[in-house]
Amino acid sequence: MDAEDVFDTVSGTLGLTGGVDTIAILKRSGKGITLHVEGRDLIEPVEKAISFDRETCRWTILGEAAEILRSGERSRVLVALTDQPAGLAV
C-alpha cells in the first residue's frame, strides 16, 4: 500500500526500519524507478532515478530523481522561469 513516506511501505512492523543503520528501497512508479536510501551515516537522504539493463543485469543511476522523473510540463515551466530572471507578471 502507498504511503507518504516510502519507508512506511516496508512490510512488517515499524521496528524493522528503525533497527538498522541504513535502509534502501526501490520504488516503481509510472514515471520510472527510484532508489531511496536513508541511513545513520548519511548527511541527507538519497533519491536517485535508476534503470535496469536486462542484457547486463545491472542497475544504472540516471541522476537525481526529482530532475529525471520531472514531467514535461513542469520542465517547460522551470525553463520559462529561468529565462525571465526579473520574474513574470500575472
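Coordinates for the structure precede this section.
Just so you know, these numbers come straight off a predicted model, no measurement behind them.

Draft legend 1. Inspection of the overall build of the protein chain at higher detail. Along the protein chain, the regular secondary structure elements total three helices and four strands. If you list the helices and strands of the protein chain from N to C, you get α-β-β-β-β-α-α. Looking at the protein chain as a whole, 16% of its 90 residues qualify as buried. Put simply, of all contacts in the protein chain between residues at least 6 apart along the chain, 15% involve residues at least 24 apart.

Draft legend 2. Structural view of the pattern of salt bridges. Counted under the stated rule, the structure contains two salt bridges. For Arg40, the salt bridge is made with Asp21, and the minimal N-O distance between the two is 3.2 Å. With a gap of 19 residues between them, Arg40 in the loop between strand S2 (33–39) and strand S3 (46–53) and Asp21 in the loop between helix H1 (15–18) and strand S1 (22–28) connect regions that are remote in the sequence. With relative accessibility at 61%, the residue Arg40 sits in the exposed group. Residue Asp21 is classed as partly exposed on the basis of its relative accessible area, which comes to 44%. Of the charged contacts in the structure, one is a salt bridge between Lys48 and Glu64, with a shortest N-O distance of 2.4 Å. Residue Lys48 is located in strand S3, and its partner Glu64 is located in strand S4 (residues 58–64); the two are separated by 16 residues in the primary sequence.

Definitions and limits used
Residues numbered from 1 in each chain as written. Predicted model: local features only at pLDDT ≥ 70, side-chain atom pairs only at ≥ 80, totals over all residues. Heavy atoms only, no water. Helix = DSSP H or I, 4+ residues; strand = E, 2+ residues; numbered from the N terminus. Buried < 20%, exposed > 50% of the residue type's maximum accessible area, 1.4 Å probe, protein only. Contact = heavy atoms within 4.5 Å. Salt bridge = Lys/Arg side-chain N within 4 Å of Asp/Glu carboxyl O.

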